[in-house]
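Spelled out from the first residue to the last, the chains are:
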Amino acid sequence: MGVFSRRDKTARTDQSIGTSNSSASVNSSTSRAVMNRTSASSFTGNPKSPMSPVKIPRIDLPRPPDPQLDPAGYLRSLGAVRERSRLVYDKALRNELRHFDVDMGKLNDVVTFVSGLIKRDYDAPFTSIPPHGRHQHFSVGGRDRVSQLLSTWPSEIDNTERCRRLVDLFLVSVLLDAGAGTQWSYKSNENGRVYRRSEGLAIASLEMYKSGLFSSNPSNKCQVDKKGLQSLTLEQLAAGVQSRPGNELAGLEGRAQLLLNLANAIHMKPEYFGKDGRPGNMIDYILSHPSTQAQSVLIVPITVLWDVLTDGLTPIWPSRTAVNGVPLGDAWPCTSMPSKSSWETIVPFHKLTQWLTYSLMQPMQSLLNMHFAGTELLTGLPEYRNGGLFVDMGVLTLKSQDVERGLKTYAEHAKRTGGKGIEVAPMFEPSDDVIVEWRAVTVGLLDALCIEVNKSLRKDLAGHEMTLAQLLEAGSWKGGRELAEIHRPNTKEPPILIDSDGTVF
């Protein structure tokens with residue numbers, strides 16, 4: 001759909017589930033945590049807006065580890081993403097990046113464009129905009145498949161188990177969502193319609209989940225557990241996502257290995273995932289955590305969920321960057337960073353972990369009335385749609401020597417894979433300094449964009465303030481995709497390509 005097409009605003013408000021964006025946190029117990037939950041029907045309809053104020057007590061969130069004493073712990077922390085990226089963004093403000101020329105004067109054009117998208121698709125004061133999360137992809141075509149799934153489960157299944165099941169689904173679905181490539185599409189087994197990219201991967205993962213592909217429990221197909229994942233083969237996953245010659249899913253082997261690694265990770269961490277090894281069992285850990293308070297409002301510090309995902313899922317990521325023997329996951333050396341010591345050259349992103357965090361908060365709040373404190377620590381997702389927005393609108397321009405190098409890589413990739421080269425663009429490995437710098441500056445630009453869009457829409461917001469999670473959903477990610485459709489209508493690819501292994505983007 002083109003940039004200037006007007007979408008059905010009403011339909012957009014019926015496909016999401018709310019997440020609190022409060023910044024408070026408290027100490028808690030869980031003896032009453034699973035009681036007095038909302039009904040499953042609360043998952044449908046217009047949810048609580050992320051902009052709605054929630055009066056909850058405030059205390060300080062735990063500080064990240066001291067980087068001088070525990071650099072690996074610091075780089076794995078959520079707070080490090082924005083702090084480290086800021087060093088690259090500050091260089092961008094001075095137009096001192098190694099790989100990009102920066103024109104901050106064009107940020108106003110991005111603000112105008114994104115504000116226009118938001119006004120096109122949502123009614124003021126925009127409180128109906130859902131936070132960015134996987135749930136929206138399940139609702140492609142205006143059909144709330146998650147609510148329909150919930151309605152098929154017997155009424156005696158309580159909301160805690162319903163939430164476990166959705167966490168199972170969302171986690172596997174997010175891990176499979178790392179860019180689909182230009183050739184791949186998925187034809188739904190349920191309605192025969194064809195879906196592509198993130199939405200196609202969402203529908204494929206949902207249908208595989210419902211078929212029991214990830215479950216070892218014959219009495220409950222709708223779960224994910226370690227035994228089910230351990231028995232998964234590359235051939236089964238390929239069949240499940242319909243990957244075949246002419247319809248290859250990019251990075252299929254990497255995705256399959258992630259799921260096999262997930263089986264090992266949840267087996268190694270029964271304190272998070274239970275003896276039966278289900279991702280959804282993290283609900284029980286979170287509810288019983290000392291920092292969780294069961295009052296009239298259930299509050300969970302975002303760091304509790306973050307620690308489960310970073311500590312519990314560390315074994316799933318391929319070995320890349322490490323400090324003192326500790327693997328860091330999605331964190332990379334960058335030449336634009338200070339180089340006093342080895343750890344200081346590294347920029348952490350943890351994109352898939354942040355995407356998981358955004359996504360898993362949604363069912364937890366809707367089904368368990370959970371509110372999350374400290375969500376302002378989450379950043380914009382440093383991936384090719386958000387980053388492509390700033391390249392396509394001229395804020396960032398790749399320098400000529402890097403364009404030349406990237407085009408050579410593209411030509412080699414096309415020759416290796418049999419690509420037709422319909423719309424040529426520079427291509428780089430995920431670890432390339434170009435990509436790391438691009439991702440780091442994108443984090444800072446998204447923060448700046450959120451501030452400026454709120455200023456631009458101040459009158460329409462009527463005293464509210466749009467959150468970064470809402471901006472990602474309604475503006476930047478969508479804007480990056482729509483600009484790609486305009487500039488590269490045949491492939492719809494971003495302006496800079498990543499030769500992904502299926503585990504990063």
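The structure under discussion appears in the preceding block.
Residues numbered from 1 in each chain as written. Predicted model: local features only at pLDDT ≥ 70, side-chain atom pairs only at ≥ 80, totals over all residues. Heavy atoms only, no water.

S.K.: Would you mind going over unusual backbone geometry in detail, with residue names and values included?
M.R.: With omega at 5 degrees, the peptide bond leading from A124 into P125 counts as cis. Residues other than glycine seldom take positive phi values, yet H350 does so here, at roughly 50 degrees. Mapped onto the elements, H350 comes out in the loop between β9 (346-348) and α15 (351-368). Residue H350 is classed as buried on the basis of its relative accessible area of 5%. The backbone of N369 sits at a positive phi, close to 55 degrees, despite the residue not being glycine. For N369, the location among the structural elements is in the loop between α15 and β10 (370-373). On the basis of relative accessible area, N369 is assigned to the partly exposed category, the value being 21%. (Helix = DSSP H or I, 4+ residues; strand = E, 2+ residues; numbered from the N terminus. Buried < 20%, exposed > 50% of the residue type's maximum accessible area, 1.4 Å probe, protein only.)

S.K.: Tell me what's going on with the packing of helix α16 (residues 384-392) against helix α20 (residues 468-487), and back it up with residues and numbers.
M.R.: At a closest axis distance of 8 Å, the pairing of α16 and α20 adopts a crossing angle of 60 degrees. When the interaxial angle is binned, α16 and α20 end up oblique. Both α16 and α20 take part in a crossing whose hand is left-handed. Note on element contacts: α20 touches α16 through L472, S476, W477, G479, G480, R481, L483, A484 and H487, opposite R385, N386, L389 and D392. Here the contact of α16 with α20 is composed, by residue class, of 5 nonpolar, 5 polar and 3 charged. (Axes fitted to C-alpha atoms, helices over the stretch in contact; angles between N-to-C directions. Parallel < 35°, antiparallel > 145°, perpendicular 65-115°, else oblique. Left-handed = near helix turned anticlockwise from the far one by under 90°. Contact = heavy atoms within 4.5 Å. Nonpolar A, V, L, I, M, F, W, Y, C, P; charged D, E, K, R; others polar.)

S.K.: Would you mind going over the side chain of Q354 in detail, with residue names and values included?
M.R.: With respect to the helices and strands, the residue Q354 is situated in helix α15. The buried category is assigned to Q354, whose relative accessible area is 0%. A polar contact of 2.8 Å, which involves the side chain of Q354, links it to the backbone nitrogen of T379. When near neighbours in sequence (up to four residues on either side) are disregarded, Q354 contacts L78, V81, W306, F349, L378, T379 and L381. (Polar contact = N/O pair within 3.5 Å; in protein donor to acceptor, adjacent residues only side chain to side chain.)

S.K.: Tell me about the side chain of N220, residues and numbers included.
M.R.: With respect to the helices, strands and loops of the structure, N220 is situated in the loop between α8 (197-211) and α9 (226-230). In this structure, N220 is in contact with E161, R165 and S215, ignoring residues within four places of it in sequence.

S.K.: Let's hear about the pairing of β10: which residues, and what values?
M.R.: Going residue by residue along β10, you find M370 and F372 tucked away on one face and H371 and A373 tucked away on the opposite face as well. One ladder, built from 4 bridges, connects strand β5 (residues 298-301) with β10; its direction is parallel. Within the sheet, the bridge partner assigned to I299 lies in β10 and is H371. (Pairing = 2+ DSSP bridges.)

S.K.: Any chance you could break down the pattern of salt bridges for me, citing the residues and the numbers?
M.R.: Considering all chains together, one arrives at 25 salt bridges under this definition. The salt bridge involving R120 is made with E482; its shortest N-O contact spans 2.8 Å. Remark: E482 occurs in helix α20 and R120 occurs in helix α4 (residues 107-121); sequence separation between them is 362 residues. Across the pair, exposure class does not vary: R120 and E482 are buried alike. The closest approach of N and O atoms between R143 and E190, which form a salt bridge, is 3.6 Å. Placement of the pair is R143 in the loop between α5 (135-138) and α6 (145-151) and E190 in the loop between β2 (186-187) and β3 (194-195), with a sequence separation of 47 residues. (Salt bridge = Lys/Arg side-chain N within 4 Å of Asp/Glu carboxyl O.)

S.K.: I'd love a proper account of helix α11 (residues 252-268), names of residues and values included.
M.R.: Compared with the 24 Å implied by 1.5 Å per residue over 17 residues, the 25 Å span of α11 between its first and last C-alpha is a close match. Considered for burial, the residues of α11 that qualify are L252, G254, R255, A256, L258, L259, N261, L262, A263, A265 and I266. Check the buried side of α11 and you find it contacts α7 (159-176), α8, α9, α10 (234-240), α12 (270-273) and α14 (302-313). (Expected span 1.5 Å × (residues − 1).)

S.K.: How would you summarise the nonpolar core if you had to cite specific residues and measurements?
M.R.: Of all hydrophobic cores here, the largest spans 129 residues; its most connected members are I118, F214, M282, M364, F390 and L396. Discounting residues that sit within four places of it in the chain, F390 has contacts with L107, V110, V395, L396, T442, L445, L446 and L449. Of all hydrophobic cores here, the second largest spans 9 residues; its members include Y74, L328, A331 and I346. (Core = buried A, V, L, I, M, F, W, Y, C linked by side-chain atoms within 4.5 Å.)

S.K.: Describe the packing of aromatic side chains, with residues and values.
M.R.: For the structure shown, the criterion picks out 5 aromatic pairs. An angle of 80 degrees between the planes, with centres 4.8 Å apart, marks the rings of Y272 and Y285 as edge-to-face. Here Y272 is found in helix α12, whereas its partner Y285 is found in helix α13 (residues 282-288), with 13 residues between them in sequence. Looking at Y285, the relative accessible area reads 22%, which means it is partly exposed. Connected via pairs of aromatic rings, a cluster forms that spans Y272, F273 and Y285. Here R134 stacks its cationic end above the ring of F138, 5.9 Å away from the centre of that ring. (Phe/Tyr/Trp six-rings, centres within 6.5 Å; stacked < 30°, edge-to-face > 60°. Lys NZ or Arg CZ within 6 Å of the ring centre and 35° of its normal.)

S.K.: Quick one: what's the story with the environment of M361, residue by residue and with numbers?
M.R.: Here M361 shows up in helix α15. For M361, a relative accessible area of 2% gives the class buried. In sequence terms M361 and T375 are 14 residues apart; their C-alpha atoms lie 9.9 Å from each other.

S.K.: Now, about the packing of α16 against helix α18 (residues 433-456): what can you tell me, with residues and values included?
M.R.: Where α16 contacts α18, the axes come no closer than 9 Å and their chain directions differ by 75 degrees. When the interaxial angle is binned, α16 and α18 end up roughly perpendicular. The segment α16 lies against α18, with Y384, N386, G387, G388, L389, F390 and V391 engaging W438, T442, L445, L446 and L449.

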